[in-house]
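Here's the letter readout for the chains.
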Amino acid sequence: MDRRSFNSRVAAAALGAATLGHAGRRVGAAEAEPHTVEKRSGHRASNPICVSTYSYWRYRADQRLGIGECIDLAAASGFDAVEVLHRQMDAEDNATLQALKRRAFHAGMPLVSLSTHQDFLRPDPAERKQQVENTKHYIELANAMGMPIIRVSTGRWNTSENFNALMANRGIEPPIEGYNDEDGFGWVRESLEELLPVAEKNGVTLGVENHWGLARTAEGLNRIVKDFDDTPWVQVLVDTGNFLEDPYDQIAAVAPRVCFVQAKTYYGGGTWYTLNLDYDRIAKILHDVDYRGYISLEFEGQADAEVAIPQSLALLRNAFRYDV
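Residues numbered from 1 in each chain as written. Predicted model: local features only at pLDDT ≥ 70, side-chain atom pairs only at ≥ 80, totals over all residues. Heavy atoms only, no water.

Draft legend 1. Molecular detail of the pairing of strand β1 (residues 49-52). Of the two faces of β1, both are covered, the one formed by Ile49 and Val51 as well as the one formed by Cys50 and Ser52. Relative to strand β8 (residues 295-299), β1 is paired through three bridges, and the arrangement is parallel. Within the sheet, the bridge partner assigned to cysteine 50 lies in β8 and is serine 296. Pairing of β1 with strand β2 (residues 81-85), which is carried by three bridges, proceeds in the parallel orientation. Each residue of the ladder has a partner; that of serine 52, found in β2, is glutamate 83. (Buried < 20%, exposed > 50% of the residue type's maximum accessible area, 1.4 Å probe, protein only. Helix = DSSP H or I, 4+ residues; strand = E, 2+ residues; numbered from the N terminus. Pairing = 2+ DSSP bridges.)

Set out below in structure tokens:
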């Protein structure tokens, strides 16, 4: 497909999403209201809306798109920035990193976050040390691409048969025999303490996410970041789709420490579950604590991504608009 045809298809998809009509702003609804906010002089209309490259994994059935292609799609669709899923990167040499940064710059698309994976819930100190070293590398990658934050997870006990079994049990799994959650919280704290000087040196915030494990609940997530109240370099990265019980109460509980938001949508139904999230309500929770940062779309539905991603953008634009 040539560039003109590609841009025409994206524009048509966005127009189709914008003309579907309004059926409420819940993710479970089939339609979303178009972005009709009138910008005021001196005021941004809404939180900046970016998109995770994870959203484009199912964009074409026959291939996984590269990061560069995702940047182009994000720009054509009207997003404000891009979050990169580290597992989608096919190369990490400096020439590749700088080429991606340059490509994003010329598309007017800042690269704002690197979504990474860790597993600190390992009894073997050598294995935990390797996870820390991996994360130091991720911090340096983020810095090289101009990203001010990385997503950090605690990891999990891995006592479930597989990820499908974990999801069937709503993200809950028992500790490894002979250990308990108290051991795990200590390992996570020690790991973050070792990462902190590297994060500060590189100017990269560690955004601890509610990505299963010990941070599955707001209580666990707040316990982790509370140990770092004296530093701005460890904060909360909230995923709206990972609090499976009482999501609004849990988002409100972590909201004062939130520095980045991943917003799930499920048009066409989710793979493991579907949450009917009220984004007007979530936006109010975050705006009440004066959160003005990025909202990053993670599209996880089965609908045609060429339509559902622009539709999700319209949903988030409207929900996260500013009233003042």
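Draft legend 2. Main features of the packing of aromatic side chains. Under the defined criterion, the tally for this structure stands at seven aromatic pairs. Aromatic pair tyrosine 54 and tryptophan 57: ring centres 6.1 Å apart, planes at 50 degrees, arrangement tilted. An aromatic cluster is present here, built from Trp157, Tyr179 and Trp187 joined pairwise through their rings. The residue whose ring lies beneath arginine 223 is phenylalanine 185, and the NZ or CZ to ring-centre distance is 4.1 Å. The ring of tyrosine 322 is capped by arginine 292, whose NZ or CZ atom sits 4.2 Å from the centre of that ring. (Phe/Tyr/Trp six-rings, centres within 6.5 Å; stacked < 30°, edge-to-face > 60°. Lys NZ or Arg CZ within 6 Å of the ring centre and 35° of its normal.)

Draft legend 3. Layout of the environment of phenylalanine 320. Tracing the backbone through its elements, the reader meets phenylalanine 320 in the segment after α10 (305-319). Look at phenylalanine 320 and you get buried, because its relative accessible area is 0%. On a C-alpha basis, the gap between phenylalanine 320 and isoleucine 295 in space is 8.4 Å, while along the polypeptide they are 25 residues apart. Apart from residues lying up to four places away in sequence, phenylalanine 320 is in contact with Ser46, Asn47, Ile49, Tyr279, Ile282, Ala283, Leu286, His287 and Ile295. (Contact = heavy atoms within 4.5 Å.)

Draft legend 4. Quick look at the packing of helix α7 (residues 218-226) against helix α8 (residues 247-254). It is the contact of α7 with α8, at a shortest axis distance of 9 Å, that shows an interaxial angle of 10 degrees. Between α7 and α8, the angle is such that the two are roughly parallel. In this structure, α7 uses Ala218, Leu221 and Asn222 to contact α8, whose residues at the interface are Gln250, Ala253 and Val254. Counted by class, the contact of α7 with α8 contains four nonpolar, two polar and no charged residues. (Axes fitted to C-alpha atoms, helices over the stretch in contact; angles between N-to-C directions. Parallel < 35°, antiparallel > 145°, perpendicular 65-115°, else oblique. Nonpolar A, V, L, I, M, F, W, Y, C, P; charged D, E, K, R; others polar.)

Draft legend 5. Focus on the confidence of the model for the chain. Across the chain, the average pLDDT comes to 88, with 85% of residues at or above 70. Note on residues 10-41: pLDDT under 50 across the span, and 72 contacts to partners over four residues away in sequence or across chains. (pLDDT = per-residue confidence, 0-100.)

Draft legend 6. View of the sheet that holds strand β7 (residues 258-265). Reading around the circumference, β1-β2-β3-β4-β5-β6-β7-β8 is the order of the eight strands in this closed barrel, with parallel pairing throughout. With direction set aside, neighbouring strand axes in the sheet form an average angle of 30 degrees. Bridge count for strand β3 (residues 111-115) against strand β4 (residues 149-152) is two bridges, and the pairing is parallel. Pairing of serine 115 across the sheet is with arginine 151, part of β4. Together, β1, β2 and β3 form the strand contacts of helix α2 (residues 67-77), whose direction differs from that of β2 by roughly 155 degrees. Running over the sheet, helix α6 (residues 181-202) touches β4, β5 (205-209) and β6 (234-239) and is turned about 145 degrees from β5.

Draft legend 7. Inspection of the layout of surface pockets at higher detail. Of the volumes computed, that of the largest pocket is approximately 680 Å³. Every residue lining the largest pocket is counted, 29 residues in all, and those nearest its centre are Arg87, His117, Phe163, His211 and Trp212. Among the residues forming the lining of the largest pocket, the class breakdown is eight nonpolar, eleven polar and ten charged. Lining the second largest pocket are 17 residues, with Asp181, Gly213, Leu214, Arg216 and Thr217 sitting closest to its centre. At the level of secondary structure, the elements contributing two or more residues to the lining of the second largest pocket comprise α6 and α7. The leading source of residues in the lining of the second largest pocket is α7, at three residues. Its residues assigned to classes, the lining of the second largest pocket shows seven nonpolar, four polar and six charged. (1 Å grid on protein atoms, 1.4 Å probe; cavity = no way out; pocket = protein on both sides within 12 Å on 5 of 7 lines; lining within 4 Å. Points joined across faces, edges and corners; volume = space filled by probe spheres on them.)

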